[in-house]
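In case you want the letters, here they are:
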Amino acid sequence: SYTLNDKGNFRDNEEVTKGIIRIMDYSLTNDVELLAVLFNCAKPEAISIALQKIKSHTVLQRQLKERDVVLGAYANRLTDIDPNWTLKESEGSQPFRTDLNTKQYYGSYLNHWIDHLDVKIVGGCCGFFPEDIRYIRDKLGDRAI
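If you're wondering where the values come from, they're calculated on a predicted model, not measured in any experiment. (Residues numbered from 1 in each chain as written. Predicted model: local features only at pLDDT ≥ 70, side-chain atom pairs only at ≥ 80, totals over all residues. Heavy atoms only, no water.)

To continue, consider unusual backbone geometry. Residues other than glycine seldom take positive phi values, yet Asp31 does so here, at roughly 55°. Phi at Asp68 is positive, roughly 55°, even though this residue is not glycine. The topology assignment puts Asp68 in the loop between helix 3 (58-66) and strand 2 (70-75). For Asp68, a relative accessible area of 61% corresponds to the exposed category. (Helix = DSSP H or I, 4+ residues; strand = E, 2+ residues; numbered from the N terminus. Buried < 20%, exposed > 50% of the residue type's maximum accessible area, 1.4 Å probe, protein only.)

Set out below in structure tokens:
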């Protein structure tokens, strides 16, 4: 599972498609079973960008399908985080975004990810609570895990 920057790349700015291909190559070379590539603790907008890049990359799409590797997404509800932020220097908790407070709004991301970007595993990260996850599960039924 990886977190993303606002451009939908890994936090070190490595292009997400290149990084996943590298991970897949590593797993083959080292006889590691890769089951899923997940994105967590990132804004839903960044996750959407990354998933769209993956969807548009035909070689990567073929490799994921051939190896039965699924995609997953667990966005957070945090306000923008400074790229130089560190836990050590933090004085308090990060505020939550108010626009993601409605389950329906985040649900629209989940529906798009599942219906259009081939995501099979969904949930919520920082700022999502058990009642939110319960709502997601009830709303999506068997469409995702």
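Once that is clear, we can look at the packing of aromatic side chains. On inspection of all chains with the given rule, the structure shows six aromatic pairs. With a centroid separation of 4.6 Å and an interplanar angle of 35°, the aromatic rings of Tyr2 and Phe10 are classed as tilted. Consider the rings of Phe96 and Phe129, whose centres lie 5.9 Å apart with planes at 70°: the pair is edge-to-face. In this pair, Phe96 is assigned in the loop between strand 2 and helix 4 (103-116) and Phe129 in the loop between strand 3 (119-124) and helix 5 (130-140), connecting sequence segments 33 residues apart. Residue classification places Phe96 among the partly exposed positions, given a relative accessible area of 38%. An aromatic cluster is defined as three or more aromatic residues linked by ring pairs; in this entry it consists of Tyr105, Tyr106, Tyr109, Trp113 and Phe128. (Phe/Tyr/Trp six-rings, centres within 6.5 Å; stacked < 30°, edge-to-face > 60°.)

With parallel pairing, three strands are arranged side by side in an open sheet as 1-2-3. A strand with exactly one partner marks an edge of an open sheet, and here the two such strands are strand 1 (36-40) and strand 3. Each strand of the sheet is rotated relative to its neighbour by a mean of 15°, with strand direction disregarded. The sheet contact formed by strand 1 and strand 2 spans five bridges and is parallel. Paired with Val37 across the strands is Leu71, a residue of strand 2. (Pairing = 2+ DSSP bridges. Axes fitted to C-alpha atoms, helices over the stretch in contact; angles between N-to-C directions.)

All right, on to the side chain of Asn5 then. By the secondary structure assignment, Asn5 is in the segment before helix 1 (16-29). Leaving out residues up to four positions away in the same chain, Asn5 has contacts with Phe10, Arg11, Asn13 and Ala46. (Contact = heavy atoms within 4.5 Å.)

Tracing the chain through its elements places Leu71 in strand 2. For Leu71, a relative accessible area of 3% translates into the label buried. Separated by 43 residues in the primary sequence, Leu71 and Ile114 place their C-alpha atoms 9.6 Å from one another. Every residue in contact with Leu71, bar those within four places of it in the chain, is listed here: Val37, Leu38, Leu51, Ile54, Leu64, Leu117, Asp118, Val119, Lys120 and Ile121.

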